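For reference, the chains in residue letters:
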Amino acid sequence: MTDWKKEEQYVYISCVDVARYSFVSHLSDALRREGISVFVDGDDVLSKELQEKVQGARVSVMVLPGNRTVCLDKLVKVSEKAQALVPVLYGVIPLNEEWLVKLDSRGLSPVHQSRKECSDSKLVEEIVRDVNERLLHMGRIGIDSKVVDLENMINKQPLGIRCVGIWGMPGIGKTTLARAVFDQVSGGFDACCFIEDDDKATDENRLYRSLVEQLVKDQPGNSGTITKLKLRRDKLKNKRVLVVLDDVRNPVVVESFLEGFDWFGPESLVIITSRDKQVFRLCRINEIYEVQGLNEQEALKLFKLCASIEDMREPNLHKLLMKLIKHANGNPLALSTYGRELTGKKRPPEMETALLELKERPPFKFVKAIKSSYCTLNDSEKNIFLDIACFFQGENVDYVMQLLEGCGFFPHVGIDVLVEKCLVTISESRVRMHNLIQDFGRKIQIESRSRLWEPHSIKYLLEDNEDEANGIRSAQGTEEIEGMFLDTSDLSFDIKPDAFVYMLNLRFLKIYCSDHEIRPVINFRKGSLHSLPNELRLLHWENYPLESLPQNFDPRHLVEINMPYSQLQKLWGGTKNMEMLRTIRLSHSRHLVDIDDILKAPNLEVVDLQGCKKLQSFPPTGQLLHLRVVNLSGCTKIKKFPEIPPNIETLHLQGTGIRKLPLSIVKQNEGELVNLLAEFRGLPDALKLELTSLAKSSSSSQDLGKLFCLELKDCSRLRILPNMANLELLKVLDLSGCSELKTIKGFPRNLKELYIAGTAVRKVPQLPQSLELLYAHGCLSLKSICLDHEHFPMHYTFSNCFDLSPQVVSDFLVEVLDSVKHIPREHPQELNEALAFSFCAPSHTNQDSTLDLQLGSSVMTRLKPSWRNTLVGFAMLVEVAFSEDFHDATGLGISCVCRWKNKEGFSRRIERNFHCWAAGKVVPKVQKDHMFVFYDAKMRPSTDEGNDPDILADLVVFEFFPVNKQTKLLDDTCTVTRCGVCVITAPTGNTSLEHISADLSIDPVEFSDNGVDEVSRVTYDGLQEIDKDLFLYIACLFNDDDFDLDPLIASIGVDISSGLKALANRSLIRVSSNGEIVMHSLVRQMGKEILHKQSMLPGSSKDLTRDFEKVSMASSSSRNWNNDVYPSFCLQDVRIGFLSHFFSAFKHKSINIFKVTVIERGQLIPVQAIRESRISIVVFSKKYASSSWLLNELVEIAKCRQELGQHVIPIFYDVDPSEVRKQTGEFGRHFKQTCKGKTEDEKQQWLRALNGITSISGYNIANRQT
């Protein structure tokens, strides 16, 4: 039995004797009342025994005297050994500055500290709360959501005895999760037991005794005599029992022990944890919860807590730590172990050395667990495990299985076993292995040297060294080598002719270059290779330098030949047995002239000869019944394709010289002969499509019924494409570049992707219901499109299709957008897709009024109350103008920002970037203006938890910006000229564009630039007060300003229809026919100026803590921030009073604040830290301007605000805002003194920064010690 309050889980407290029997005694008592064991150390020196105590403590508390520095050395040692450190400065005030510097330098400030306004009892409460939080966090980081998921799984089971398994790799948190659930639900059971490390209960009787000890506590002395039958009958038959069996590895014992669970009472619960899924199957447990690793944020939090790292502001340090966290890949055991190992190491060189050591030395507990699982594998399973660890991490699972099957390892069974034992996972059809497990597997191979991947070790074996004595070096031990993967990126050497002579057991040989920018120089000095091992299954040799493979090589075991960019002219001379061969890839082998050898490979599935420019013929492959993929693209000298394999799925023929291609696509039972020739009037380079019927002779015709992908790109003479409706499995049809193609008679009925860019098609026939993507860029003759109105839309591109009339585009767009209402009903899974719909076409100034786009790059819409329960998203319409200088069309995207304020006035936003073109498609140039339409179900207001938010006045703003492929804003060569949004609701609501309108009975109102600023102020002054407030709120929302909205919120009611009507009637806003609200930029500026002149200026009384929440919810863009807040302040003015509350408030809100130490001040400004912070807070005080360092820091903050759009909040602490703004009073005197001896340029920079920052809405705080 293991008690939850383990004695060894204690808190270490270090103090001096003066405090031990006063303050520390109260602290110890308070911790013990919380159920926390305490060890108090009053020595000044940390002995070896005490070091072990520090290492074993979950949290260490150091109570440091305010007037002594004798504990500095001890502080250093404790901080290096502690799992988590809580410093406390107790005693004399003012505190010794040396303490603060020391703590700052180790990333341990702010700290708990004595202060005038804080009693000892209150300080004890703060420390106990902090210790509790650390203990809780270290044990429960990332666990709460898993507890909820597991409880839901349990609750969904029918009444009776419920059973659930918890499955996952070692160290992933199975025991922690089981314990958390046990603690949470145990109160509802009559009897409970938690048996940890079930492996120690090696037989049924011992397992029994453990159970009896915990369940029959009320009858001491009976546990040795009680029988299993008596236990069942007398004690448990009618009781609700909770049993947790942790870390089960012997399912036979557990299965016998539980006997189908029928000896527990109704509503009992059995939880079993194991890293082997077979345990659950043998114990007849069907409900299995797989424990996932921590996400990056949780992993970073746990690691920092265990390593006692408060901040990671040093860029190199951050990079190194993230590398280590990535290596741990969410495993809590590894993260906590690494964190403890790195405690006290703060400099990057130390960290880098430790990182390398830790990668070589995984946690012992983890290694022990993996080793025990590895030892249960049979020989084939061990070989599969080691091959994946050394060679196949992240490879396609079918590819890996094919190679391993060729080795006789039965991978279909073996990989399943590895998955069940948590040694590998299958994700997105790829074989994955945790980094720590891979390290374990590779360490085994380092000792045996049967699998090699280290470049210089392989070079040592293969290099042609003429000084070498009789080849002894090559022969020694090479017969044990089974695999060799050589990355030649940084290598250049000659291979000896007999390099592989002694490698009799070599199964995998891969010589490749991971850096595609480098052409490696790996050659044979004597121009020959004597032999290759006959046991080879994989021969992958990029840039192979010889004309053929060794004549004596027997390829009977080969599964794959992959030799791109080789010098091969042919594979070999004569006939070879290639019965096992599945794949041959010789792409870009420009000297290849003969490939007839493939006919001797009856099981061949893939042939890739792309770019083999000297290859003149391709053999008839009709007898290759397994051939699925043939790629001859770029084989310019191939003139004919004699025979199509019967089971072909993908055929690449673009860029060939083929003139005639038989396509048999008519079903046998149709009986009618269809023979259609695309005549090209005798032109010799023409491609003819001949359709013949299978009804005549099924034995002599070719059945293309299994064709999946057909690429006919750049067939420049093709004019007519026949009806291909009977190609039922064809999913992709690419006709791009068929510049003479004018007529398409019909599409395959299940087609998903259609590419017709650059064709001469005038009319697109009826599109199939299944179509997801239509790419028609540059179809200059296209005039019309047929579309079934029930068709579910996906992605359409009609860029540079200038013959499409505005009416056709508008009708098409209205029709497809209207069909989006079927998404929630017919395609609910599509709501989780990143982008459900996109559309692109040329725009026209006389575009149909149905679309009613608004001028500018932002628009506001009002959500009707009736939409709140049916809203599924917005369709966003954006018109973009391209200048003649714009050339980056391929990477073009649109960044969309959706902004609103909640009913407390806090700003909220969602930002998404949408690509304008189909992935991988090159767009040479875009001419004229184009309209882009996107629909994304995720692009809608929501909370972090995904719930519907409270939206003040139901008003939402959308802004659009053109961006490049790096998502950076483009210059004025590409601008958004008009935009609009369409509200998409569930099927019960209206969704078509013409029916979406505002809840207003007014006509749209236009206004011009002329006289806006003069007239608008007069118009505003004539409004009622409630309408003025609505106007100011709309201006604030459009401008994305963070003013104090409390006065406005109180006056803005639920129904703002009458207010909108009043503003529209006075031309302060425009309301379109679609209900979109637009405000002229000059009117927005006027609103901003009015807000500045009113009470929302620095000096107003605002709740400081509310903006702390804004800080944590600041920018949600894709930019990576290292800090939430960068503070700028004068230590002399704010250190003891305001600043301690300042840091405390941030800590309470879990906001990460960058800390500038005393040492750093006076050195270079930490520009990088400022730029990597979400928000800067500037605390102006009387002596702030006495420091040129602070003024230069302010200049950098102002730059970041202007260049990066960074938020800045000014706080005026015990100084009048006007004194800062005008440089008067005591602030002004300090400023003038600092300016002495400075250049005029420096002074102007300071003045501009002061004027810019003080014009922002901020806080005026009096100097008070409360």
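One structure accompanies this document, and this report is about it. (Residues numbered from 1 in each chain as written. Predicted model: local features only at pLDDT ≥ 70, side-chain atom pairs only at ≥ 80, totals over all residues. Heavy atoms only, no water.)

**Focus: the overall build of the chain**
Convention followed: Under the scheme used here, helices are H or I runs from DSSP no shorter than 4 residues and strands are E runs no shorter than 2 residues, and both carry numbers assigned from the N terminus. Residue contacts are counted whenever heavy atoms from the two residues lie within 4.5 Å of one another.
Within the chain, the regular secondary structure consists of 38 helices and 49 strands. Contacts spanning at least 24 positions in sequence make up 66% of the contacts within the chain whose residues lie at least 6 apart.

**Focus on the packing of aromatic side chains**
We count it as follows: Side-chain rings of Phe, Tyr and Trp, where Trp is taken by its six-membered ring, are said to pair if the distance between their centres is within 6.5 Å; with planes under 30 degrees apart they count as stacked, over 60 as edge-to-face, and otherwise as tilted. Using a 1.4 Å probe on the protein chains alone, a residue whose accessible area is under 20% of its type maximum counts as buried, one over 50% counts as exposed, and one in between counts as partly exposed. A positively charged side chain is recorded as over a ring if its NZ (Lys) or CZ (Arg) lies within 6 Å of the ring centre. The angle to the ring normal must also be within 35 degrees.
Scanning the entire structure with this criterion turns up 25 aromatic pairs. Seen from their ring centres, Phe1231 and Trp1246 are 6.4 Å apart, and the 70 degrees between their planes marks the pair as edge-to-face. Residue Phe1231 is located in helix α37 (residues 1225-1235), and its partner Trp1246 is located in helix α38 (residues 1240-1254); the two are separated by 15 residues in the primary sequence. Each member of the pair, Phe1231 together with Trp1246, is buried. Through successive ring pairs, a cluster of aromatic residues spans Phe391, Phe392, Tyr399, Phe485 and Phe508. Note that Arg240 overlies the ring of Phe189, its terminal NZ or CZ placed 4.7 Å from the centroid.

**Regarding the pairing of strand β4 (residues 85-90)**
Put simply, the rule is: By this definition, two strands are paired if DSSP reports at least two bridges between them.
Across the six residues of β4, five count as buried, placing the element largely inside the fold. Both strand β3 (residues 59-65) and β4 contribute to a ladder of six bridges, which runs parallel. Considered in β4, the bridge of Leu64 is made with Leu89. Two elements, β4 and strand β5 (residues 112-113), share two bridges in a ladder whose sense is parallel. Of the residues in β5, the one forming a bridge with Val88 is His112.

**Concerning the sheet that holds strand β2 (residues 37-41)**
Within a sheet, adjacent strands bond to each other through the backbone by hydrogen bonds, running parallel or antiparallel. The strand order across the open sheet formed by five strands is β2-β1-β3-β4-β5, and the pairing between neighbours is parallel. Among the strands making up the open sheet, the edge pair consists of β2 and β5.

**Some details on the sheet that holds strand β47 (residues 1173-1180)**
Applicable threshold: As a rule, the C-alpha atoms of each element are fitted with a line to give its axis, helices using only the stretch in contact, and angles between N-to-C directions run from 0 to 180 degrees.
Read across the sheet, four strands follow the order β46-β47-β48-β49 without closing on themselves; strand pairing throughout is parallel. Unpaired on one side and paired on the other, β46 (1123-1128) and β49 (1259-1261) mark the two borders of the sheet. When strand polarity is set aside, the average angle formed by the axes of neighbouring strands in this sheet is 20 degrees. Relative to β49, strand β48 (residues 1207-1213) runs parallel, the two sharing three bridges. Bridge assignment links Phe1212 to a residue of β49, and that residue is Asn1260. Strand contacts of helix α35 (residues 1188-1204): β46, β47 and β48, with the helix running at about 140 degrees to β46, the strand carrying the most contacts. Here α38 sits on the sheet in contact with β47 and β48, set at roughly 100 degrees to β47.

**Observations regarding the packing of helix α27 (residues 1025-1039) against helix α29 (residues 1057-1065)**
Rules: Here the angle decides the label: under 35 degrees means roughly parallel, over 145 means roughly antiparallel, 65 to 115 means roughly perpendicular, and every other value means oblique. Polarity classes work like this: nonpolar for Ala, Val, Leu, Ile, Met, Phe, Trp, Tyr, Cys and Pro, charged for Asp, Glu, Lys and Arg, and polar for all others, with Gly in that last group.
Across the interface, α27 lies against α29 with an axial gap of 9 Å and an inter-helix angle of 80 degrees. Considering their axes alone, α27 and α29 lie roughly perpendicular with respect to each other. Contacts between α27 and α29 involve Asp1027, Leu1030, Phe1031 and Ile1034 from the former and Gly1059, Leu1060, Ala1062 and Leu1063 from the latter. Of the residues in the contact of α27 with α29, the class split is six nonpolar, one polar and one charged.

**Considering the nonpolar core**
The condition is simple: Residues enter a nonpolar core if they are buried and are Ala, Val, Leu, Ile, Met, Phe, Trp, Tyr or Cys, with the set joined through side-chain atoms within 4.5 Å.
Core analysis: the biggest nonpolar cluster contains 107 residues, and Phe500, Trp541, Leu609, Phe798 and Phe839 have the highest contact counts within it. Those residues in contact with Trp541, other than ones at most four positions away along the chain, are Ile495, Phe500, Leu509, Ile511, Phe524, Leu529, Asn562, Met563 and Pro564.

**Observations regarding the environment of Asp190**
With respect to the secondary-structure elements, Asp190 resides in the loop between α8 (174-185) and β7 (191-195). Given the relative accessible area of 51%, Asp190 is considered exposed. For the pair formed by Asp190 and Asn238, sequence separation is 48 residues and the distance between their alpha carbons is 9.5 Å. Once residues within four sequence positions are removed from consideration, Asp190 is found in contact with Lys239 and Arg240.

**Description of helix α22 (residues 455-462)**
Selection criterion: Directions from the helix axis toward the C-beta atoms define the arc. In protein, a polar contact requires one atom able to donate a hydrogen and another able to accept it; more generally it is a pair of N or O atoms within 3.5 Å, and residues adjacent in sequence count only if both atoms are side-chain atoms.
Inspection of α22 places Ile458, Leu461 and Leu462 among the buried residues, and these make up the whole buried set. Here the buried residues of α22 occupy an arc of 90 degrees about the axis, which is enough to place them on one side. Sitting at the amino-terminal end of α22 is Glu454, which places a side-chain oxygen 3.1 Å from the backbone nitrogen of His456.

**A short note on the pattern of salt bridges**
Going by this rule: What makes a salt bridge here is a side-chain nitrogen of Lys or Arg within 4 Å of a carboxyl oxygen of Asp or Glu, nothing more.
Under the defined criterion, the tally for this structure stands at 24 salt bridges. Its salt-bridge partner being Glu420, residue Arg281 comes within 2.7 Å of it at the nearest N-O pair. Taken together, the residues Arg281 in helix α12 (residues 277-282) and Glu420 in helix α20 (residues 411-420) connect sequence positions 139 residues apart. In this structure Arg281 comes out as partly exposed when scored by relative accessible area, which is 46%. Look at the salt bridges and you will find they share partners, linking Asp387, Arg451, Glu482 and Arg507 into a network.

**Observations regarding unusual backbone geometry**
Positive phi, close to 65 degrees, is recorded for Glu267, a residue that is not glycine. The residue Glu267 is located in the loop between α11 (251-258) and β9 (269-274) in this model. For Glu267, a relative accessible area of 31% translates into the label partly exposed. The backbone phi angle of Asn329 is positive, close to 50 degrees, even though this residue is not glycine. One can find Asn329 in the loop between α14 (315-328) and α15 (332-341).

**Focus on the packing of helix α7 (residues 144-155) against α8**
Operational definition: Here is the rule for handedness: rotate from the far helix to the near one, and if that takes an anticlockwise turn smaller than a right angle the crossing is left-handed, while a clockwise turn gives right-handed.
The N-to-C vectors of α7 and α8 enclose an angle of 65 degrees; their axes lie 10 Å apart at closest approach. Judged on the interaxial angle alone, α8 and α7 are roughly perpendicular. Remark: the crossing between α7 and α8 carries right-handed chirality. In this structure, α7 contributes Lys146, Val147, Leu150, Glu151 and Ile154 to the contact, and α8 contributes Leu177, Ala180, Val181, Gln184 and Val185.

**Regarding the pairing of strand β1 (residues 10-14)**
One face of the sheet, then the other: side chains in a regular strand alternate in exactly this way. Most of β1 is tucked away, with five of its five residues classed as buried. The alternating pattern of β1 places Tyr10, Tyr12 and Ser14 and Val11 and Ile13 on opposite faces, both of which are buried. Pairing geometry for β1 and β2, over five bridges, is parallel. Directly across from Ser14, in β2, lies its bridge partner Asp41. Of the pairings in the sheet, the one linking β1 to β3 comprises four bridges and is parallel in character. Its bridge partner being in β3, Ile13 is matched across the sheet by Val61.

**Considering a negative patch on the surface**
Convention followed: What makes a patch is a set of residues exposed beyond 30% relative accessible area and free of salt bridges, joined within 9 Å when like-charged and within 5 Å when nonpolar (Val, Leu, Ile, Met, Phe, Trp, Tyr). Using the Shrake-Rupley algorithm and a 1.4 Å probe, accessible areas are obtained, with residue cover drawn only from the displayed protein chains. Residues counted as positive are Lys and Arg, residues counted as negative are Asp and Glu, and His and the chain ends are not counted. Note on charges: their place is set at NZ of Lys, CZ of Arg, CG of Asp or CD of Glu.
A surface patch of like charges, here negative, comprises Glu884, Asp885, Asp971 and Asp972. Of note, Asp885 is situated in the loop between β38 (871-882) and β39 (893-901).

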